[in-house]
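If you want the building blocks of each chain, they are given just below.
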Amino acid sequence: MSSTSVPTTMRAWQYSTASGGIEKNLVLNPSAPVPTISSRLGDSELLIRVLAASLNPADYKTAELGAISHFVVRHPATPGMDFCGRVVQTTRTVDDFAIGDLVFGRIDLTQHGTLAEYIVAPTKACAHVPDGVSVEEAAAVGVAGLTEYQAMAPNVKPGDKIFINGGSGGTGTFGVQIAKALGCHVTTTCSPGKIDLCRSLGADEIINYTATDVAETLRAKGQVFSLVVDNVGTPANLYKAADDFLLPQGRFVQVGAPLSLSTATSIASRFLVPSFLGGGKRHFQMFVLQNNPEHLKQLGKWIAEKKIRVVIDQVYDMEHVPKAFEVLKQGKSAGKLVVPQTQNVADRLKTPDLRCRSLEASACFLSETLRKLCTEDQLALLDAIDKLRLQGLSNYVSLPQIIVCGDQSNLCTRFPTELVLRRAPHFSAHASIIPHESRTESEQLALRNFREELSGFDALPDLIESAKLAMGITPHRAFAPDILRVEITGPDRPHLTIVDLPGLIHSETKNQTRSDVDLVQNLVRSYMKESRCIILAVVSAKNDFANQVILKLAREADEDGNRTLGVITKPDTLVPGGDSEAMYISLAKNQQVAFRHGWHVVKNMDSEKGTWTHAERDAEEAMFFSTGSWASLPSSSLGIEELRYRLSRVLLGQIAAELPSLMAEMENIAKTSRARLDELGDPRATQREQRAYLLQVSHTFQRLVTTSRLRAIIQNVNEVFANEMRTKGHYREIVAKPPEKGAKKSKSGTPIPITRNDFIAHIEQLMHRNRGCELPGTFSPLFVRELFREQSQPWESIVRQHVEKVWNAARNFIEIVVKFAADDTTAKSLKLEVIDPAMKRIWESMGNKVLELLYPRENGHPITYDQDFVQTLEELRRERRHQEVEQILCEYFRVSKLDKYLFEDTYDLAALAQNLVSSAEPDVKRAAADDLLDCLNAYYKVALKRFVDDVAVEVIEGQLATVLRDILSPTSVFKMPSNQVARIAGETEEIRTEREQLERQLDVLSNGLETCKRFAGLRLSGDSVLVPAESKTTRTPSSHHETDSEADKETDSEADEV
């Protein structure tokens, strides 16, 4: 047995139960026993120190099988099957691997999984990591890569067509690329947000499973596929439908499926039910993964050759494995989730025999120039900002970066150049172009295809020339708004972004137009206005600084100078001891143009002197600043070496200062996103989800419709209607005096005023024109009908206006309820397909009922059995007789009204009696007309009360109020056809995409806030040290700190910085 020193304990994630979810039961055991390799003769095993692992659905599905999981794996157990690591021990029979070899692979489910520092793996489960393949990339291959390779390679040949169900997950991303590497045409499925990913992997056709029926779409293609690889297990009818799109000799390989009894039954039926009994006709295979080192070697070779790109969705620290499982179980990851053993990064670099060539190349590329932008004291906070950037937070809020800008020079930048340091699972250095939005679609596509790999800074000149050519920069077009992005990634790189902007142009020239001047200035302004950017304002001593535009723009963007650091270049061009040199020294002391971070001076190397090393450059610069007037400045403000230190310190201070506002902005965005997500409601991709959503909406609808709010609206409108009928429902209104001549006519809709005598005369004419066989002094009941029809003329218009008013109020109320209960899109669909048709039916039924109630007024006879009619008639007759007697008495006694009087005159009571008797013997025609008018008034009063009640009860209640709640009821939702449910509750592709983006955004913001909160109570103190905000620190003098103290005395900006 060969070995190196191995500890007896290790860190490992373990679970004893997975009840409620594995993520809630995992515990990081700091002293778990290290597994041991077999001592049995013939066993070939390796003890491997894990450098990175990746997660698979089987890791949690097996653990969550309940009691069954105890039979599969002994507990406490460590999950994980995929790994990349270093060999530390081997059994005696091993000759293919040596101590220190970097290997990757996949182990079977065991008690000692890969989410630990050490694992034991059989040699058949391992392969060497090829040159050019990173640790994280290799760790992500195992289960997913082997599964897709073994499902495809034996079953296809070049030119075959493959359908991969699920092409954007950890397994599917391998499947699409493996199929292309095997020379096949690939059709796959994914959600809208991952279409671009699948297309970038090489998929020829992509089916958006949220917007179309997958089985029907495939059926429409006919029998063209040689192989189906189902990574998902849904839709359930996919295998049966494969008879119509899979070639007769084709195979259906089931890789993944939901863990449920129905799924197990469905899969079992595919083996047991023959085609003549309704089973599928195509060959069905349930995939079983087997370790095979040759297959691992082939996958590693393809990755090294760039034929396969390992898609890593997110990288989680070892401490955040439960969170990684939460994300994995959501099923929305675009690629693999990787867990590097970050505490082993230093071990990787120290091990001489470690084969991590990509890491060494990255370390070489990140020369000392870049490394010194990241001091040790910054790592804690910069790593936090790096984590936010890694999680995608920069898509939603602005994160700190450094922008370099100044006036144009002979070697000026012709386009913005971003130098980006990123933490990522793999190591690379490459350049790409971000096209400006003003470009045409074809130009943007061409520029996005620009991509070049870099091996070091020596390749930058050639890269810039290639970029200029791609952007179309010529002598006639001096500048471009597109961005050249040089990105350097690696797991040990903190985040930092430096943007070098084109030099500002003072005026147009032969080769630089007015549009070039405006383009550059607008570009610089757009970067400067970002409140979290550090502005590195560069001025050249070759020109008067008062004439350099950069200072004006810096003041516009940063009025108080709080985030600007001035840099003076080419001080060697000034005449020693001259006025210009004195002016620039005053500027360097922050006396001319004051910035909070002050000024710094660097000496450029003369390019005409040939090539030089960085050490030679630094030595010549130090010699220059050690003599002459420049030596009077603090050493902390001179030279590139000090600038690196100072720049990192300023950036750290900016990050610490911006952290509270960054958190507030993230919280506001998260609040807005959550509100929008609440408006969108639950996802509704399937018929079941859509109908369930409508059921929820219907319950809310019924609850709100049956509240007293609508009832109150109806009652109030009914009261207005009843009052209007009482005051405006009669055609003529009896008044005491006739209207004066020249008086205005009554307004439309109000009763016509008429005296009783005039009304009687009108009635006498009617009786005269239409007299029949009635006896003198009597009248026909038909006269009551005619007079009532005339007197109730306004009823129809009043009741129709009332019904329309109530109907409109109800409709508006219903629409408000629907908008409250459902999202905007569903509410509009419900209005169009349910509410509007239902309200139209209600309107028609209300109109029919009104006609039914008005029919007796137009065509019926005055019939009533209401005792109020008789009482009212008697009251009217008594009142009329009383008025006649009162008038005779008033005339006889010559008084205006009957009251208590003391009379001293003599009166002829016989004459009084004669007058009273004479009044009781009126003209028979007049008496009949009087009686007819009384009868009309009595009947109208009874009929009016009955009509108002009938409208309220039979029209408003019967046809409207009682049926509103049934417009959208759970019963009606259950009875809706499936196509109607889909039209109403089905989400558009835009909404589905928006929901996915919002969910991802909230996840990113949530993680970002958690990260920021760890630093929320800290402030920058002293020499780039983070301390609690309430504490105070005392600086310990040292050579470097003493220099800073001198600088503090010289410039207010440095004092402010401390």
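Residues numbered from 1 in each chain as written. Predicted model: local features only at pLDDT ≥ 70, side-chain atom pairs only at ≥ 80, totals over all residues. Heavy atoms only, no water.

In the nomenclature of an unreviewed UniProt entry, the protein corresponds to GED domain-containing protein from the organism Humicola insolens.

*Asks:* Sorry if this is basic, but what is going on with the overall build of the protein here?
*Replies:* If you tally the helices and strands in the protein, you get 36 helices and 29 strands. Each of the 1058 residues in the protein was classed as buried or not, and the buried ones make up 50%. For the protein, the share of sequence-separated contacts (at least 6 apart) that also reach a separation of at least 24 residues comes to 76%. (Helix = DSSP H or I, 4+ residues; strand = E, 2+ residues; numbered from the N terminus. Buried < 20%, exposed > 50% of the residue type's maximum accessible area, 1.4 Å probe, protein only. Contact = heavy atoms within 4.5 Å.)

*Asks:* I'm lost on empty space enclosed by the protein in this one. Help?
*Replies:* One water molecule sets the probe size; rolling that probe over the atoms shows where empty space is left. Per the stated rule, a full pass over the model turns up two cavities of 30 Å³ or more. Its volume calculated, the largest cavity comes out at about 70 Å³. Counting residues per element, the lining of the largest cavity draws most heavily on helix α1 (residues 57-63), which supplies three residues. Residues belonging to the lining of the largest cavity are distributed by class as follows: five nonpolar, five polar and one charged. (1 Å grid on protein atoms, 1.4 Å probe; cavity = no way out; pocket = protein on both sides within 12 Å on 5 of 7 lines; lining within 4 Å. Points joined across faces, edges and corners; volume = space filled by probe spheres on them. Nonpolar A, V, L, I, M, F, W, Y, C, P; charged D, E, K, R; others polar.)

*Asks:* I'm lost on a nonpolar patch on the surface in this one. Help?
*Replies:* A cluster of nonpolar side chains, contributed by Leu65, Val72 and Leu109, occupies part of the molecular surface with about 210 Å² of accessible area. On the accessibility criterion, Leu65 (32% relative accessible area) is partly exposed. (Patch = residues over 30% accessible without salt bridge, like charges linked within 9 Å, V, L, I, M, F, W, Y side chains within 5 Å. Areas by Shrake-Rupley, 256 points an atom, 1.4 Å probe, with all protein chains shown as cover. Salt bridge = Lys/Arg side-chain N within 4 Å of Asp/Glu carboxyl O.)

*Asks:* Could you clarify how one ought to interpret the nonpolar core in this entry?
*Replies:* Note that soluble globular proteins tend to have their nonpolar side chains buried in a common cluster. In this structure, Phe701, Trp795, Leu830, Met839, Leu960, Leu964 and Ile967 are the most contacted members of the largest nonpolar core, which totals 72 residues. Looking at this core, the elements that each hand over two or more residues are α23 (687-705), α24 (708-728), α25 (756-769), α26 (781-791), α27 (795-821), α28 (824-859), α31 (924-964) and α33 (978-985). Tallying contributions element by element places α31 first for this core, with 18 residues. Beyond its immediate chain neighbours, meaning those up to four positions away, Phe701 contacts Ile814, Val817, Val818, Ala821, Ile835, Leu964, Arg965, Ile967 and Leu968. Counting 50 residues, the second-largest nonpolar core is a separate cluster that includes Ala127, Val141, Phe174 and Ala203. (Core = buried A, V, L, I, M, F, W, Y, C linked by side-chain atoms within 4.5 Å.)

*Asks:* So what exactly am I meant to see when it comes to the packing of aromatic side chains here?
*Replies:* Two aromatic rings, taken as a pair, are described by how far apart their centres are and by the angle between their planes. Applying the stated criterion across every chain yields a total of 17 aromatic pairs. Connected via pairs of aromatic rings, a cluster forms that spans Phe788, Trp795, Tyr939, Tyr940 and Phe947. A cation sits over an aromatic face here: Arg732 above Phe759, 5.9 Å from the ring centre. (Phe/Tyr/Trp six-rings, centres within 6.5 Å; stacked < 30°, edge-to-face > 60°. Lys NZ or Arg CZ within 6 Å of the ring centre and 35° of its normal.)

*Asks:* Explanation requested: the packing of α23 against α28 in the structure shown.
*Replies:* Each pair of packed helices gets described by two things: the angle between the helix axes and the distance between those axes. Relative to each other, α23 and α28 sit at 75°, their axes nearing to 13 Å. The angle between α23 and α28 falls in the class roughly perpendicular. Touching Tyr693, Leu694, Val697 and Phe701 of α23 are Thr826, Leu830 and Ile835, all from α28. Among the residues forming the contact of α23 with α28, the class breakdown is six nonpolar, one polar and no charged. (Axes fitted to C-alpha atoms, helices over the stretch in contact; angles between N-to-C directions. Parallel < 35°, antiparallel > 145°, perpendicular 65-115°, else oblique.)

*Asks:* Explanation requested: the sheet that holds strand β14 (residues 283-286) in the structure shown.
*Replies:* Think of a sheet as strands paired side by side through backbone hydrogen bonds, with each pair either parallel or antiparallel. Ordered in space as β11-β10-β9-β12-β13-β14, the six strands form an open sheet in which the pairing is parallel. Where the open sheet ends on each side, the last strands, each with one partner, are β11 (205-208) and β14. Between one strand and the next, the sheet's axes are offset by a mean angle of 15°, whatever the strand orientation. Helix α4 (residues 142-152) contacts β9 (161-165), β12 (225-230) and β13 (246-254) of the sheet and is inclined by roughly 155° relative to β12. (Pairing = 2+ DSSP bridges.)

*Asks:* Before we go on, may I ask you to explain the environment of Gly250 in this structure?
*Replies:* One can find Gly250 in strand β13. Given a relative accessible area of 1%, Gly250 falls into the buried group. Between the alpha carbons of Gly250 and Val228 there is a distance of 8.0 Å; along the sequence they are 22 residues apart. When residues no more than four places from it in sequence are discounted, the contact partners of Gly250 are Ser226, Arg282 and His283.

*Asks:* Is there a simple way to explain the pairing of strand β7 (residues 118-122) in this structure?
*Replies:* The side chains of a regular strand alternate, first on one face of the sheet and then on the other. Buried residues dominate β7, accounting for four of its five residues. As defined by bridge partners, strand β4 (residues 45-54) adjoins β7 across five bridges and the pair is classed as antiparallel. When the sheet's bridge partners are listed, Ile48 is paired in β7 with Ile119.

*Asks:* Before we go on, may I ask you to explain the UniProt feature "coiled-coil region" (unreviewed entry) in the protein in this structure?
*Replies:* The feature "coiled-coil region" (unreviewed entry), as annotated in UniProt, sits at residues 981-1008 in this numbering. This span, residues 981-1008, is 89% helix and 0% strand, and a straight line between its end C-alpha atoms measures 39 Å. (UniProt positions renumbered as here; feature names shortened; annotations may be inferred.)

*Asks:* When you look at the packing of α27 against α28 in this model, what are you seeing that I'm missing?
*Replies:* Relative orientation of the contacting elements α27 and α28 amounts to 160°, with a least axis distance of 10 Å. By the angle between their directions, the pair α27 and α28 is classed as roughly antiparallel. Crossing geometry of α27 relative to α28 is assigned as right-handed. Its residues assigned to classes, the contact of α27 with α28 comprises 17 nonpolar, no polar and ten charged. (Left-handed = near helix turned anticlockwise from the far one by under 90°.)

*Asks:* Mind showing me how you'd approach the environment of Leu936 here?
*Replies:* Its location among the elements puts Leu936 in helix α31. Residue classification places Leu936 among the buried positions, given a relative accessible area of 1%. Placed 145 residues apart in sequence, Leu936 and Gln791 show a C-alpha to C-alpha distance of 8.8 Å. If we skip the residues at most four places from it in the chain, Leu936 touches Phe759, Val784, Leu787 and Phe788.

*Asks:* I keep staring at helix α10 (residues 293-304) and nothing clicks. Help me out?
*Replies:* An α-helix turns once every 3.6 residues. As a result, residues three or four positions apart point the same way. In this model α10 runs 16 Å from its N-terminal to its C-terminal C-alpha over twelve residues, within 8% of the 16 Å that 1.5 Å per residue would give. For α10, the set of buried residues is Leu296, Leu299, Gly300, Trp302 and Ile303. For α10, the angular spread of buried residues about the axis comes to 160°, placing them on one side. For α10, the side-chain oxygen to backbone nitrogen distance between the N-cap and Glu294 is 2.9 Å, and the N-cap itself is Asn292. Of the residues flanking the end of α10, it is Lys306, one or two places downstream, whose phi is positive at about 65°. (Expected span 1.5 Å × (residues − 1). Arc of directions from axis to C-beta. Polar contact = N/O pair within 3.5 Å; in protein donor to acceptor, adjacent residues only side chain to side chain.)

*Asks:* Help me out: how do you make sense of the pairing of strand β17 (residues 401-406) in this one?
*Replies:* Most of β17 sits inside the fold, with six of its six residues counted as buried. Burial along β17 is two-sided: Gln401, Ile403 and Cys405 facing one way and Ile402, Val404 and Gly406 facing the other are all buried. With six bridges connecting them, β17 and strand β23 (residues 533-540) associate as parallel partners. In the sheet register, Gln401 faces β23, and the bridge partner there is Cys533.

*Asks:* How do you make sense of the pattern of salt bridges when you look at a structure like this?
*Replies:* In a structure, side chains of opposite charge can pair up when their charged atoms sit close to one another. Within the structure shown, the criterion is met by 30 salt bridges. Here the salt bridges do not stand alone but share partners, grouping Glu23, Glu64 and Lys329 into one network.

*Asks:* Whenever I open this one, α33 confuses me. Can you help?
*Replies:* For α33, the set of buried residues is Gln980, Val981, Ile984 and Ala985. Down the axis of α33, the buried set is contained in an arc of 105°. They therefore lie on one face. On its buried face, α33 sits against α23 and α28.

*Asks:* Teacher, can you tell me more about the environment of Leu680 here?
*Replies:* Assignment of secondary structure puts Leu680 in helix α22 (residues 640-680). Measuring from C-alpha to C-alpha, the distance between Leu680 and Ile991 comes to 7.7 Å, with 311 residues separating the pair along the chain. Setting aside anything within four residues of it in sequence, one finds Leu680 in contact with Asp823, Glu987, Ile991, Glu994, Arg995 and Leu998.

*Asks:* Help me out: how do you make sense of the confidence of the model for the protein in this one?
*Replies:* Low pLDDT marks regions whose predicted coordinates should not be analysed in detail. Confidence along the protein averages 77 in pLDDT terms, with 75% of residues attaining 70 or more. Across the protein, strand β25 (residues 599-601) holds the top mean pLDDT of 94, while helix α36 (residues 1052-1057) sits lowest at 27. The low-confidence segment residues 1022-1026 (pLDDT under 50) makes 16 contacts with residues lying over four places distant or belonging to another chain. (pLDDT = per-residue confidence, 0-100.)

*Asks:* Honestly, the side chain of Glu23 in this entry has me stumped. Any pointers?
*Replies:* Looking at the element boundaries, Glu23 is found in the loop between β2 (9-14) and β3 (27-33). Reaching out from Glu23, the side chain makes a polar contact with the side chain of Lys329 at a distance of 3.1 Å.

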